[in-house]
Amino acid sequence: MISINELALELFEELAEYPEDFNAVFHQLDNGARIVDCGVQAKGGYAAGKRFTEICMGGLAEVSFRMGQINHVPMPFIDVNTDFPSLACLGAQEAGWRITHEKYFAMGSGPARALSRNPKECYELIEYEDDCDYAVICLESDTLPNEAVMQKIADGCNVDVANVCAVVAPTASVVGSIQVAGRCVETAIYRLEQLHYDPKKVICACGSAPVPPVKSDSTKAMGCTNDATIYFGQINLTIDGADIADYVDKIPSNTSSSYGKPFYDTFKEANFDFFKIDQGLFAPAEVTINEVSEGKVYRCGAVNPEVTLQSFGYL
Amino acid sequence: MISINELALELFEELAEYPEDFNAVFHQLDNGARIVDCGVQAKGGYAAGKRFTEICMGGLAEVSFRMGQINHVPMPFIDVNTDFPSLACLGAQEAGWRITHEKYFAMGSGPARALSRNPKECYELIEYEDDCDYAVICLESDTLPNEAVMQKIADGCNVDVANVCAVVAPTASVVGSIQVAGRCVETAIYRLEQLHYDPKKVICACGSAPVPPVKSDSTKAMGCTNDATIYFGQINLTIDGADIADYVDKIPSNTSSSYGKPFYDTFKEANFDFFKIDQGLFAPAEVTINEVSEGKVYRCGAVNPEVTLQSFGYL
Amino acid sequence: MISINELALELFEELAEYPEDFNAVFHQLDNGARIVDCGVQAKGGYAAGKRFTEICMGGLAEVSFRMGQINHVPMPFIDVNTDFPSLACLGAQEAGWRITHEKYFAMGSGPARALSRNPKECYELIEYEDDCDYAVICLESDTLPNEAVMQKIADGCNVDVANVCAVVAPTASVVGSIQVAGRCVETAIYRLEQLHYDPKKVICACGSAPVPPVKSDSTKAMGCTNDATIYFGQINLTIDGADIADYVDKIPSNTSSSYGKPFYDTFKEANFDFFKIDQGLFAPAEVTINEVSEGKVYRCGAVNPEVTLQSFGYL
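How each quantity is defined
Residues numbered from 1 in each chain as written. Chains lettered and ligands numbered in written order. Predicted model: local features only at pLDDT ≥ 70, side-chain atom pairs only at ≥ 80, totals over all residues. Heavy atoms only, no water. Helix = DSSP H or I, 4+ residues; strand = E, 2+ residues; numbered from the N terminus. Rg over C-alpha atoms; globule rule 2.2 N^0.38 Å. Buried < 20%, exposed > 50% of the residue type's maximum accessible area, 1.4 Å probe, protein only. Contact = heavy atoms within 4.5 Å. Areas by Shrake-Rupley, 256 points an atom, 1.4 Å probe, with all protein chains shown as cover. Lys, Arg positive; Asp, Glu negative; His and termini not counted. Charge placed at Lys NZ, Arg CZ, Asp CG, Glu CD. Phe/Tyr/Trp six-rings, centres within 6.5 Å; stacked < 30°, edge-to-face > 60°. Lys NZ or Arg CZ within 6 Å of the ring centre and 35° of its normal. Least-squares fit on C-alpha atoms with pLDDT ≥ 70 in both. Buried area = accessible area lost by both parts, 1.4 Å probe. Salt bridge = Lys/Arg side-chain N within 4 Å of Asp/Glu carboxyl O. Polar contact = N/O pair within 3.5 Å; in protein donor to acceptor, adjacent residues only side chain to side chain. Nonpolar A, V, L, I, M, F, W, Y, C, P; charged D, E, K, R; others polar. Pairing = 2+ DSSP bridges. Axes fitted to C-alpha atoms, helices over the stretch in contact; angles between N-to-C directions.

**Some remarks on the overall build of chain A**
In terms of regular secondary structure, chain A is built from 11 helices and 12 strands. In terms of overall dimensions, chain A is globule-like: its C-alpha atoms have a radius of gyration of 18 Å, near the 20 Å expected for 315 residues. Each principal axis of the C-alpha atoms in chain A carries an extent, and together these give about 50 × 45 × 35 Å. Of all 315 residues assigned to chain A, the portion counted as buried reaches 66%. Of the contacts made within chain A by residues no fewer than 6 positions apart, 71% connect residues no fewer than 24 positions apart. Accessible surface computed for chain A: about 10900 Å², of which carbon and sulfur atoms make up 45%. The centroid of the 23 positive side-chain charges in chain A is displaced by 7 Å from the centroid of its 44 negative side-chain charges.

Okay, structure coming up:
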């Protein structure tokens, strides 16, 4: 069985050893926990964003950048592919662990979740257990974690705190923009799970999204980075399961009642209350599917260049 | 002189050592022959498809994936480039070795062909001889080879059977779809050879094709995977030979009398008899050429989004 | 502090050790200087072009190729991204060192410039000093340098001549086409410097340009390779500096009085006198900017498919 923490650890070690090559900053806390800052005080960049995303997907994805266009406006795009969609996306990348301690808050994702089994139902569904002495976690947060936070993560993962490795970046940072756009494939797999379709039937998956601009505060950044996938994420899934036919129409973001304007505007209208937003919005704009047992293809959704450009500030 | 079997062996060794990272399955037969199943019982995926293609081109190509679109329909594309077009494509990737033994059948390609010199004229034309104790072969087949088949390959290559390494994938599999689309550049070089243009004059080449969907049986898969290049393969050749001017118009698939509908339909109308199909069909859709001695450029053919989407099942 | 000569040396060593994998030719002169010919007598190709560009940017960039289109005409594109824009582009890639000795002439670029501090103002501006015993230089030239030329470079860099490493390619060669297109991001950073905007405020940058065809002589090749960026370079800059707002409109090539026709034609009309050409022409066609302190975006310029295709010979 593949250990996603072990695979991610290898990727982390290089980052920790040569942080300056990634415009990142390495910290080792007194309790031995290791942290690579990819955007709090550090500037970060493409290399750190790529590495953050690869770690976040448990070392089971290929990530690359290229120039793309939205209605002729040039901007970087991220391409992601994985041959382990349910493990890489749900077992690692899903931002499923809210990490709080006193005033500290971070959305936790990455392979460490598989050790804390957070949430438990996820790991039962994907039938995965990791057994690794090291825990590698990704923190979306505006501040670096202290020793107590890292100890809490260690306790949750049942590993020695000296074996906890964290990469950290705020939503409103270059790495934040990249790693959220890098969740484009995960959004599709997560949506299938929400629709109660068995994600283990997805054999492999690829997707792309524009790398959104960095905004000046975290709420605006959250809007902008979500919009990259909601309004311009394109995903291709290879599935072994003819029953997908019944789910196709429900996948894309444009089936949501909250669809149609930049996420920040929707969020504001909801008085910044997440529970008033239809969860179906957190889905990719457009999905094509190849079902292999019948050799069929499906297509649903559509990209929305106007709302994407509006969200990013180009319109 | 570069040994393509040696270069491919390095790529194979990693696959054989960490098959689970590639969603592949490793087998060592009693006679010592090594096989990596990339799609027979194994699921395979992007990583295995990339590796299969790299091995098939003798380690002399760069292969990558990105999201692309055909008439706005999103799907993965494969990009291939090589600085050794005649050796990588004709000396290795060309599916020039029909491997049969009792009920077993596979289309053989990859660097092992250079040891068996199969076909001989090919190696005389490209003036290449490999001298390597290991033979690395790529098998497009619905079943895994047994000891006798591997022994036959060993005999053909004049190496010890324990030194024969095979990667295997059916046409109707994820790796099958990828590795056939990965032949987009090869198709152009092969076409030049068929037109009696000296392929050694091609300095370097790049190309792309959509990764076609996996179909439910091998005949349909053969149609669909061929169409990826015939109707949407785009190739750029850098050539040192002003005489290419006389050949340009004959290269692309749309010069063929069999051009115009999905390959499966054409094949069916020909009662599944290959010899009734015009061989000029096996060519890329569109080619641009840079002839360096005169500093000229040429363009021929055109992509055909409609037939491609029809073949893939989107229309 | 990162040593760009040390990073580039690693990339050079592999090229020097396995030149045949890159279609390159290795030479060691009697005085110990090492040279890898990537296009003078050697053919070169994509691998050598990528490596040349990576070395030229001091090992601080990611470089890749993919198929792209200009008004539907397929051709290779190069994608470049860097997290060290001022150091990689101005401190290394800028062709800032004219190397002459008797009849020898080359445009020198790459990390060796940081040792010779050529030009000095550049290194004061970007606040960079390299301290490395090895000097790695990129030479755009039709001929290979001899011992005296290499000694001159060694003297300029204040290193032992046996520690000087050069990669060489003519403008009119495959590697020449690639490495000049690979300067697309550099052109944007250089333009900002010319406009007296502090290039250190650029956090990271990415860009793409078509890989232009190889022309039959160096003057025509110079035109064609410049046009790749002037008429079709697309760049995205991430900047921390709200004052960029005042500079945006002046960045792109279409603000230049010399803009509008293939560079070769403009150059010819100027009787091949560089000083009659407006320096503002040496800029990318289109730039988008994300200013992070205010979370704003900017867009300027536009690609010009017609002039690009005309320059390349497709129109």
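**Observations regarding the packing of aromatic side chains**
Scanning the model with the defined rule gives 33 aromatic pairs over all chains in all. Ring centres 5.5 Å apart and planes at 25 degrees place the aromatic pair C:Phe263 and C:Phe267 in the stacked group. In this pair, C:Phe263 and C:Phe267 both sit in helix 10 (residues 263–269), 4 residues apart, roughly one turn of the helix. Of the two residues examined, C:Phe263 and C:Phe267, each falls in the buried class. Above the face of the B:Tyr247 ring, B:Lys250 is positioned so that its terminal group lies 5.4 Å from the ring centre.

**Topic: the relation of the copies chain C and chain B**
The operation relating the pair of chain copies consists of a rotation about an axis and a translation along that axis. Take chain C, turn it by 120 degrees, move it 0.0 Å along the axis, and it overlays chain B with an RMSD of 0.0 Å. Classification of the inter-copy transformation places it as that of a three-fold axis. Every residue of chain C has its C-alpha some distance from the rotation axis, and the shortest such distance is that of C:Arg66, at 5.0 Å.

**What to know about the relation of the copies chain A and chain B**
With an RMSD of 0.0 Å, chain A superimposes on chain B once it is rotated by 120 degrees and translated 0.0 Å along the axis. Mapped onto chain B, only 3% of the interface residues of chain A are again interface residues, and the two copies thus contact each other with different surfaces.

**Things to note about the interface of chain A and chain B**
At the junction of the two partners, chain A supplies 33 residues and chain B supplies 27 residues. Counting the surface lost from both chain A and chain B, the interface buries some 2200 Å², and carbon and sulfur atoms represent 57% of this. Summed over the shared surface of chain A and chain B, the result is 1 salt bridge. Where chain A packs against chain B, one counts 11 residue pairs in polar contact (both at pLDDT 80 or more). Secondary-structure elements contributing two or more residues to the side of chain A that touches chain B are strand 3 (61–70), strand 4 (73–82), strand 9 (202–210), strand 10 (234–239), strand 11 (286–291) and strand 12 (296–301) of chain A. Considering each element in turn, the side of chain A that touches chain B owes the most residues, 6 residues, to strand 9 of chain A. For the side of chain A that touches chain B, the residue count by class is 12 nonpolar, 12 polar and 9 charged.

**Focus: the sheet that holds strand 1 (residues 25–28) of chain A**
Residue and element names in this part refer to chain A. On the basis of which strands lie adjacent, the open sheet formed by 6 strands has the order 1-2-8-7-6-5 and mixed pairing. Where the open sheet ends on each side, the last strands, each with one partner, are strand 1 and strand 5 (97–101). Each neighbouring strand pair of the sheet contributes to a mean axis angle of 30 degrees, computed without reference to strand direction. The pairing of strand 7 (residues 135–140) with strand 8 (residues 164–169) spans 6 bridges and is parallel. What sits directly across from Leu139, in strand 8, is Val168.

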